[in-house]
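Chain residues, written in single-letter form:
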Amino acid sequence: VQLQASGGGLVQAGASLRLSCAASGRTFSRYALAWFRQAPGKEREFVAAINWSGGSKTYADSVKGRFTISRDNAENTVYLQMNSLKPEDTAVYYCAISAAMYGSGRDDSRSYDYWGQGTLVTVSS
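Report on the accompanying structure. (Residues numbered from 1 in each chain as written. Predicted model: local features only at pLDDT ≥ 70, side-chain atom pairs only at ≥ 80, totals over all residues. Heavy atoms only, no water.)

Let's shift gears to the pattern of salt bridges. Scanning the entire structure with this criterion turns up six salt bridges. A salt bridge links Arg 37 to Glu 45; the nearest nitrogen and oxygen atoms lie 2.6 Å apart. Of the charged contacts, one joins Asp 108 and Arg 110 as a salt bridge, the two residues approaching to 2.9 Å between their closest N and O atoms. Judged by relative accessible area, which is 18%, Asp 108 ranks as buried. Under the relative-accessibility criterion, Arg 110 is labelled exposed at 73%. (Salt bridge = Lys/Arg side-chain N within 4 Å of Asp/Glu carboxyl O. Buried < 20%, exposed > 50% of the residue type's maximum accessible area, 1.4 Å probe, protein only.)

Rendered as structure tokens:
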């Protein structure tokens, strides 16, 4: 299984970015996906998750109303649309795929068994 994240970059506060994560090696449509992030000197934290069908989404309180997770099962890709970015959103963002089929999309990193390489998002003030 491989996950390839892309779309990070350097932006100013208030700007938008869309992250993408392309997956291969697993029947994509049967698995939940998630985004986590890790800021310098901090623990990795949950950002958003989407269940296998795309019908259920979960967000961290810090990103609710600003970030949107979505998936395209035909393209085997999960997205994270990030609007109204803040300096505190600066981090390496990782996508992950759930270990179990037909999962609900949880905020627990132990639910995911494969991770992308990460893409850096830097938000300047």
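So that's the structure; there's more coming.
Moving on, we get to the pairing of strand E7 (residues 67-72). Taking every second residue as pointing to the same face, the buried face of E7 carries Phe 67, Ile 69 and Arg 71, while none of Thr 68, Ser 70 and Asp 72 on the other face is buried. One ladder, built from six bridges, connects E7 with strand E8 (residues 77-82); its direction is antiparallel. Bridging across to E8, Asp 72 finds its partner in Thr 77. Here E7 hands over to E8 after four residues, with Asn 76 in that stretch at a positive phi of 55 degrees. (Helix = DSSP H or I, 4+ residues; strand = E, 2+ residues; numbered from the N terminus. Pairing = 2+ DSSP bridges.)

Turning our attention to the nonpolar core. Within the largest apolar cluster, 36 residues are counted, with the highest numbers of intra-cluster contacts made by Trp 35, Val 47, Phe 67, Ile 69, Leu 80, Met 82 and Tyr 93. Put simply, the parts of the chain that give this core at least two residues each are strand E1 (2-6), strand E3 (17-24), strand E4 (31-38), strand E5 (45-50), E7, E8, strand E9 (91-101) and strand E11 (119-124). Excluding residues that lie within four positions of it along the chain, Met 82 makes contacts with Ala 15, Ser 16, Leu 17, Leu 19, Arg 66, Phe 67, Tyr 93 and Val 121. (Core = buried A, V, L, I, M, F, W, Y, C linked by side-chain atoms within 4.5 Å. Contact = heavy atoms within 4.5 Å.)

As far as function goes, none of this settles anything; it's purely spatial.
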